[in-house]
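What the coordinates show
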Amino acid sequence: MDIIVLVKQVPDTTEVKLDPKTGNLIREGVESIINPDDLHALEAAVDLQETHGGKVTALSMGPPQAIDAISEALGMGVHEGILLTDKAFGGADTWATSFTLGKAIEKIEEYDLILCGRQAIDGDTAQIGPQVADYLNIPQVSYVCEIETIEEDALVAKTRLEDGFERIHCGLPALLTVIGELNTPRYPLMGRALDACKEKAPIKVWNAADIGVQTSQVGLEGSLTHVIKTFAPKFKRETEMLEGDTREMVGDLMGRLKENRLI
Ligand SMILES: Cc1cc2nc3c(=O)[nH]c(=O)nc-3n(C[C@H](O)[C@H](O)[C@H](O)COP(=O)(O)OP(=O)(O)OC[C@H]3O[C@@H](n4cnc5c(N)ncnc54)[C@H](O)[C@@H]3O)c2cc1C
């Protein structure tokens, strides 16, 4: 079973700070990590490979330092990694990101399953998985919390809904977006990364030309959406003291909560 895992390197914080002048994300001094959901995708891929054989490839688009995320994935047992990095990929919206990842997957050619996180903690759109599946024209199952069975040409996955679960049968190749309930990711070990290096150089670096795309199709130029302004919301707090006897105050409070649609 050949599995591709989409891995995004993200800042190690869910509290994104913005430069008030430029509206850009302040990345200086913030450590980078593998997006938390992607660790579960990596664990699932390595676990499936250990049972069914085949190869696991970690694929990431990002700046050169995203190679650290791929090295960590090798430490978890992934066999090879591909980093898509090129100035032309910068400023990509989700469409351009999915297109670039899709092109790289077409170049990889052979795969049975693509696993990715449900959502990245910085961009937060949860669009990449479904868009990559759409680009490749393969089935997708999102919010997967258990892979119940998997055979050569199909799988059964359990997915989390707001108020329950759903069990889905799906043909392969397919793309699954996974959530934290799926498993407990193993720690990366230096030994595993070194094992991967013994056979060959396990990390490939591809640019726009390597995946056969024009610079006008990717990054900011290839993006269909453009951010006009980024800003942090301002919270307004007002305090008001209610007076009177308890029954009167509770009635007043309930009325105000209803009026503001808080209950
Ligand atoms: C108009 C616009 C402009 C933008 N400009 C910039 C910019 O200038 N600079 C910038 O840094 N960001 C920019 N972004 C954000 C960038 O588009 C997103 O970070 C990126 O497309 C991924 O979306 P997401 O983070 O919401 O991922 P989600 O869809 O939430 O991620 C789901 C899963 O997809 C996979 N995935 C996501 N991204 C990658 C990746 N790069 N490589 C491999 N796997 C991945 C992971 O498995 C992840 O768990 C911009 C976004 C928009 C809408």
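Residues numbered from 1 in each chain as written. Predicted model: local features only at pLDDT ≥ 70, side-chain atom pairs only at ≥ 80, totals over all residues.

Digging into unusual backbone geometry
Put simply, Leu172 and Pro173 share a cis peptide bond, and its omega is 0°. Residue placement: Pro173 occurs in the loop between strand S9 (164-171) and strand S10 (174-178). Of note in the backbone geometry, Ala126 takes a positive phi value of approximately 60° without being a glycine. As for its position among the elements, Ala126 is in the loop between strand S6 (113-117) and helix H4 (128-136). (Helix = DSSP H or I, 4+ residues; strand = E, 2+ residues; numbered from the N terminus.)

Quick notes on the site of the ligand
Around the ligand, 31 residues are found, and the nearest of them are Cys116, Gly117, Gly123, Thr125 and Ile128. Put simply, the parts of the chain that give the shell around the ligand at least two residues each are helix H1 (36-52), strand S4 (56-61), helix H3 (94-108), S6 and H4. In terms of residue count, H3 provides more of the shell around the ligand than any other element does, 3 residues in total. (Near = placed C-beta within 6 Å.)

Some details on the pairing of S10
Most of S10 sits out of view: 5 of its 5 residues are buried. For S6 and S10, the ladder comprises 5 bridges, and the chain directions are parallel. By the bridge assignment for S10, Cys116 is matched with Thr177. In this sheet, S10 lies alongside strand S7 (residues 140-150) in parallel orientation, the contact comprising 3 bridges. In the sheet register, Val141 faces S10, and the bridge partner there is Leu176. (Buried ≥ 20, exposed ≤ 12 C-beta atoms within 10 Å, placed from the backbone. Pairing = 2+ DSSP bridges.)

A closer look at the environment of Gly219
Assignment of secondary structure puts Gly219 in helix H6 (residues 219-222). On the basis of neighbour counts, which here come to 21 C-beta atoms within 10 Å, the residue Gly219 falls in the buried class. Through-space distance from the C-alpha of Gly219 to that of Gly91 is 5.1 Å; in sequence the pair is 128 residues apart. Excluding its chain neighbours within four sequence positions, the residues that come into contact with Gly219 are Ala88, Phe89, Gly90, Gly91, Ala92 and Ala96. (Contact = placed C-beta atoms within 7 Å.)

As for the pairing of strand S5 (residues 80-84)
For S5, the buried fraction is high: 5 of the 5 residues fall into the buried class. Side chains Glu80, Ile82 and Leu84 of S5 all project onto a buried face; the interleaved residues Gly81 and Leu83 project onto the opposite face, where all are buried too. In the sheet, S4 pairs with S5 via 5 bridges, with the strands oriented parallel. By the bridge assignment for S5, Ala58 is matched with Gly81. Considered for its hand, the β-α-β crossover made up of S4, helix H2 (residues 67-75) and S5 is right-handed. The pairing of S5 with strand S11 (residues 203-206) spans 4 bridges and is classified as parallel. Looking at S11, one finds that Leu83 is bridged to Val205. (Right-handed = clockwise from strand over helix to strand, strands pointing away.)

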